[in-house]
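Here's the letter readout for the chains.
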Amino acid sequence: MNGSYSVQAVELENGTRFRESFKLVSEEKKDAWSNSGEERPEPSCCLSVSKISYTVSEHVGPWWDLPSYRKRWTRQILNDVSFHVDSGQIMGILGNSGSGKTTLLDAISGRIGSSGTLWGEVFINGRKLKREEYQDCFSYVLQSDNLLSYLTVEETLTYTAHLALRKHSAERIKKKVSAVIAELSLSHVAHSVIGGRVFPGISGGERRRVSIASQLLQDPKVILLDEPTTGLDSMTANQIVVLLAELARKDRIVIVTIHQPRSELFRVFSRIAIMSCGELVFCGQPGEMVDFFSQCGYECPEYCNPFDIYVDFTSVDTRTSEREAATLSRMHDITSSYQGSAIYQRMLGKLEQSLQREDKSVIPFKSKESPSSAAKLRVLLRRTVRNLSRDRMGVVMRLSQNLIYGFFIAFFVMRLDNDVTKGAVQDRIGIIYQSVGASPYTGMLNAVALFPALRAIGDQESQDGLYSKWQMFLAYIFHILPFSIISVFIFTSFLYWTVGMHPDSMRFLCFSAVVLVPHVIGELLTVVLLGVVQDPNMVNSGVALLNIAGIMVGSGFLRSTQQMPEVFQWLSYLTFQKYSCELLIVTEFHGLNFTCSNSNSLPGACLVTQGSEIIDAGYPGALSRYTLDFVLLYSFLPALLLLGTISYKIRDYLIRH
């Protein structure tokens, strides 16, 4: 075929109105290289996908219907998909929801996991790729833009470049980032913050371009994009696709899944693929698509978008069983016609030719010059600190939430008394209970509010090979330590001296050091669980229950440790509350003398005259274990760091498999 169909404006007889219709134009006019006056170079790279199939085994019914839940069936997601694309080309993959477009991109990018069974082969320049090499060869832009809200466009790309490129100097990285910003037409927003749901920033189309720019920093030859126009208005979506076509023209392969493209984009795509029910119904040039469907008896009506019309022709209507049978039969007829056409045979010929070439080019892997683990951790820490420290409301709340809670305690206690008949013992134990029991909750709330967004970014960037998830975990934990120390010190400074606890500076520092640990453990434990549990609400509930259980078993407030069953006595050694409460009881009550007012006192109310009696009765031997308790209390922090590292290594494995 020497021509192809394209959208052209046609002037009507009165000269005042225009209409769009599909006219046959020569390939010389349509070709972007010819329009620019340049000669099309020999493709330096080609991607061949051969017989990709993917099946998953699923339960027949929901878990509450046990008879059907025990039964399983195999669902075909992809079925024998093959295509060939050369560098300099952009291929658009169309299809209705559930047709297998995203699964196809996941399969050829190595992100499919092992929940199902994958067959088929992927070749670059005629060389077969191993499954573990997929991610090193393809750059994948996801449908959602996972970006840090408080960084500027330039900062976002600079940090990504520092994570991806090792042998580049700071000056070369700056030039690299500037070049990518210019290539993606982002220069006018280079110093604007990304923004998010809470506050405005750059536009949706600009955010999408930042996501694409992040992938270009590693100089990929093959770029995959999952519905890059989703959520954008038609004009912005059109601009994104035109931009991607320009990227392809610079000796790259660009493959895009797309929903409802405008008819103007008909001229932009080098190749069009249509999928339905996991099968490739058609794959060829846009002009070939119009000609092919016309020969099958499915003409594109005038004034209609051919993309919409042909996707409708190949979709399966499941509203009724009759419609489903009819449309499924039509889809299979079109697929059979395509597989028997000259278009399909030419594609197979190109695929076979690339495999048979003797002078095969090397596989163009992405830049692997990544820095060391320590260098990546430093970059992640700087990025996390810069992003979260710009959240003024978040910083204020993080520093003041413990203080606000301290106001409530001080308001109810007012001032501690040394008279046992006026609650001298009970009030002090109550303050210790609240200090140990409530501080983990404030840490937990911080983690639930801040970390899930960072986790989503970590999941994406770790799949891009920039770093491992445990490095993001450690960067977040190191970043929270200064905030936690300041927040707890503000809380203890106000509460300790306002209510009149033991007036000794050294005891105050010990009190602050003890209260700090439950606060950090609350946030640290939450982040650890967020590594293996996806839902933050479940983690929220789990940490709250663990904290309550620890208070009950370890504090000795609800029931004396000596009176508990032996199994709970052993379990108490696994709770940080045991060591925290022992330390605070000794810090406050050791050396403290009480008075007793005999007027209107109950019998036995004046039996306690010294704080050491409280220690000996509830926590025998605690004074001699004071240093050991400190060591054991602070040992929970490195233990949880180690557990968190393991947790995120498990998460890495689960996401990849």
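Okay, so let's go over this structure.

Digging into the overall build of the chain
On a plain count of helices and strands, the chain comes out with 23 helices and 12 strands. Against the compact-globule benchmark of 26 Å for 657 residues, the chain has a radius of gyration of 33 Å, which places it well outside the compact range. In the chain, which comprises 657 residues, the share counted as buried stands at 51%. Put simply, of all contacts in the chain between residues at least 6 apart along the chain, 74% involve residues at least 24 apart. Summing over all exposed atoms, the chain offers an accessible surface of approximately 30700 Å²; the carbon and sulfur share of this is 56%.

Observations regarding the environment of Thr314
Relative to the helices and strands, Thr314 is located in helix H11 (residues 306-314). Thr314 gets classed as buried once you look at its relative accessible area, which sits at 0%. Thr314 sits 14 residues away from Leu328 along the chain, and the two C-alpha atoms are 8.2 Å apart. Ignoring any residue separated from it by four or fewer positions in sequence, one finds Thr314 in contact with Ile274, Ser276, Val281, Phe293, Met331 and Ile334. Separated by 3.0 Å, the side chain of Thr314 and the backbone oxygen of Tyr310 make a polar contact.

Considering the packing of aromatic side chains
Tallied over the entire structure, the rule returns 30 aromatic pairs. Between the aromatic rings of Tyr496 and Phe511, the centroid separation amounts to 5.3 Å while the plane-to-plane angle is 55°, which identifies the pairing as tilted. Of this pair, Tyr496 sits in helix H17 (residues 469-499) while Phe511 sits in helix H18 (residues 505-530); the two residues are 15 residues apart in sequence, bridging distant segments of the chain. A relative accessible area of 0% means that Tyr496 is categorised as buried. Pairing Tyr626 with Phe630 gives two aromatic rings, centres 5.6 Å apart and planes at 75°, and the pair type is edge-to-face. One end of the pair is Tyr626 and the other is Phe630, both in helix H23 (residues 626-656) and 4 residues apart, which spans about a single turn.

Observations regarding the sheet that holds strand S8 (residues 138-141)
In space, the 6 strands of this open sheet follow the order S8-S9-S10-S5-S11-S12, with mixed pairing throughout. Looking at the sheet topology across the chains shown, the edges are occupied by S8 and strand S12 (279-284). When strand polarity is set aside, the average angle formed by the axes of neighbouring strands in this sheet is 15°. In the sheet, S8 pairs with strand S9 (residues 222-226) via 4 bridges, with the strands oriented parallel. Paired with Ser139 across the bridge in S9 is Ile223. In the packing of helix H12 (residues 321-339) onto the sheet, the strands contacted are strand S11 (271-276) and S12, and the crossing angle to S12 comes to about 45°.

Quick look at the pattern of salt bridges
The tally for this structure, following the rule as stated, stands at 21 salt bridges. Arg357 serves as the salt-bridge partner of Asp359, at 3.4 Å between the closest nitrogen and oxygen. The exposed category is assigned to Asp359, whose relative accessible area is 52%. Looking at Arg357, the relative accessible area reads 40%, which means it is partly exposed.

Considerations on the sheet that holds strand S4 (residues 72-86)
Ordered by their spatial adjacency, 4 strands build an open sheet running S4-S3-S6-S7, and the pairing between neighbours is antiparallel. Since the sheet does not close on itself, it has two edges, and those belong to S4 and strand S7 (127-128), each with one partner. Here helix H13 (residues 342-356) sits on the sheet and contacts strand S3 (46-59), S4 and strand S6 (116-124); the angle it forms with S4, its principal contact strand, is near 75°.

Side note on the pairing of strand S10 (residues 253-257)
Among the 5 residues in S10, 5 count as buried, and that is most of the element. Sheet topology note: the S9/S10 ladder contains 5 bridges and is parallel. Looking at S10, one finds that Asp226 is bridged to Thr257. Regarding the hand of the β-α-β motif, the stretch spanning S9, helix H9 (residues 234-249) and S10 is right-handed.

Comments concerning a nonpolar patch on the surface
On the surface, a nonpolar cluster with roughly 950 Å² of combined accessible area is contributed by Met393, Met397, Ile404, Phe407, Phe408, Phe411, Phe412 and Met414. For Ile404, a relative accessible area of 38% translates into the label partly exposed.

Description of helix H4 (residues 101-109)
Most of H4 sits inside the fold, with 8 of its 9 residues counted as buried. Of the positions making up H4, those classed as buried are Lys101, Thr103, Leu104, Leu105, Asp106, Ala107, Ile108 and Ser109. One or two residues past the end of H4 sits Gly110, with phi positive at roughly 80°.

A short note on the side chain of Ser48
Mapped onto the fold, Ser48 is located in strand S3. A distance of 3.4 Å separates polar atoms of two side chains, one belonging to Ser48 and the other to Ser354. If near-sequence neighbours (up to four positions away) are discounted, Ser48 is found in contact with Phe83, His84, Glu121, Val122, Phe123, Leu351 and Ser354.

Focus: the packing of H18 against helix H21 (residues 576-589)
At a minimum axis separation of 10 Å, H18 and H21 run at an interaxial angle of 165°. Taken as axis vectors, H18 and H21 run roughly antiparallel relative to one another. Regarding H18 and H21, the two cross each other, and that crossing is left-handed. Contacts from Arg507, Cys510, Phe511, Val514, Val515, Pro518 and Ile521 in H18 reach Phe576, Ser580, Leu583, Leu584, Val586, Thr587 and Glu588 in H21. Of the residues belonging to the contact of H18 with H21, the class tally is 10 nonpolar, 2 polar and 2 charged.

Observations regarding H17
For H17, spanning 31 residues, the distance from its first C-alpha to its last is 44 Å, which sits close to the expected 45 Å at 1.5 Å a residue. Along H17, the sharpest kink reaches roughly 30°, centred on Leu481 and followed within four residues by the proline Pro482. Gly500 sits one or two positions beyond H17 and adopts a positive phi of about 85°.

Observations concerning the nonpolar core
Soluble globular proteins tend to bury their nonpolar side chains together. One finds Leu47 and Phe83 to be the most contacted residues of the largest nonpolar core, which totals 174 residues. In terms of residue count, H18 provides more of this core than any other element does, 14 residues in total. Among all residues touching Leu47, those that are not within four sequence positions of it are Phe83, His84, Val85, Val122, Phe123, Ile124, Phe138, Val222, Ile253 and Ile255.

Side note on the packing of helix H14 (residues 373-389) against helix H16 (residues 424-463)
Where H14 contacts H16, the two axes come as close as 13 Å, and the packing angle between them is 140°. Like other packed secondary-structure pairs, H14 and H16 cross with a definite hand, here right-handed. Across the interface between the two elements, Arg383, Thr384 and Leu388 from H14 touch Leu450, Leu454, Ile457 and Glu461 from H16. Tallied by class, residues from the contact of H14 with H16 come to 4 nonpolar, 1 polar and 2 charged.

Notes on the environment of Arg382
On the secondary structure map, Arg382 appears in helix H14. Of the residues examined, Arg382 reaches a relative accessible area of 43% and is grouped as partly exposed. For Arg382 and Tyr54, which are 328 residues apart along the polypeptide, the C-alpha to C-alpha distance reads 41 Å.

Focus on the environment of Gly406
Following the sequence through the fold, Gly406 ends up in helix H15 (residues 392-413). Residue class for Gly406 comes out buried when judged on its relative accessible area of 0%. With 29 residues separating them in the primary sequence, Gly406 and Ser435 have C-alpha atoms 8.8 Å apart.

What counts as what
Residues numbered from 1 in each chain as written. Predicted model: local features only at pLDDT ≥ 70, side-chain atom pairs only at ≥ 80, totals over all residues. Heavy atoms only, no water. Helix = DSSP H or I, 4+ residues; strand = E, 2+ residues; numbered from the N terminus. Rg over C-alpha atoms; globule rule 2.2 N^0.38 Å. Buried < 20%, exposed > 50% of the residue type's maximum accessible area, 1.4 Å probe, protein only. Contact = heavy atoms within 4.5 Å. Areas by Shrake-Rupley, 256 points an atom, 1.4 Å probe, with all protein chains shown as cover. Polar contact = N/O pair within 3.5 Å; in protein donor to acceptor, adjacent residues only side chain to side chain. Phe/Tyr/Trp six-rings, centres within 6.5 Å; stacked < 30°, edge-to-face > 60°. Pairing = 2+ DSSP bridges. Axes fitted to C-alpha atoms, helices over the stretch in contact; angles between N-to-C directions. Salt bridge = Lys/Arg side-chain N within 4 Å of Asp/Glu carboxyl O. Right-handed = clockwise from strand over helix to strand, strands pointing away. Patch = residues over 30% accessible without salt bridge, like charges linked within 9 Å, V, L, I, M, F, W, Y side chains within 5 Å. Parallel < 35°, antiparallel > 145°, perpendicular 65-115°, else oblique. Left-handed = near helix turned anticlockwise from the far one by under 90°. Nonpolar A, V, L, I, M, F, W, Y, C, P; charged D, E, K, R; others polar. Expected span 1.5 Å × (residues − 1). Bend = angle between axes of the 7 residues up to and from the residue. Core = buried A, V, L, I, M, F, W, Y, C linked by side-chain atoms within 4.5 Å.

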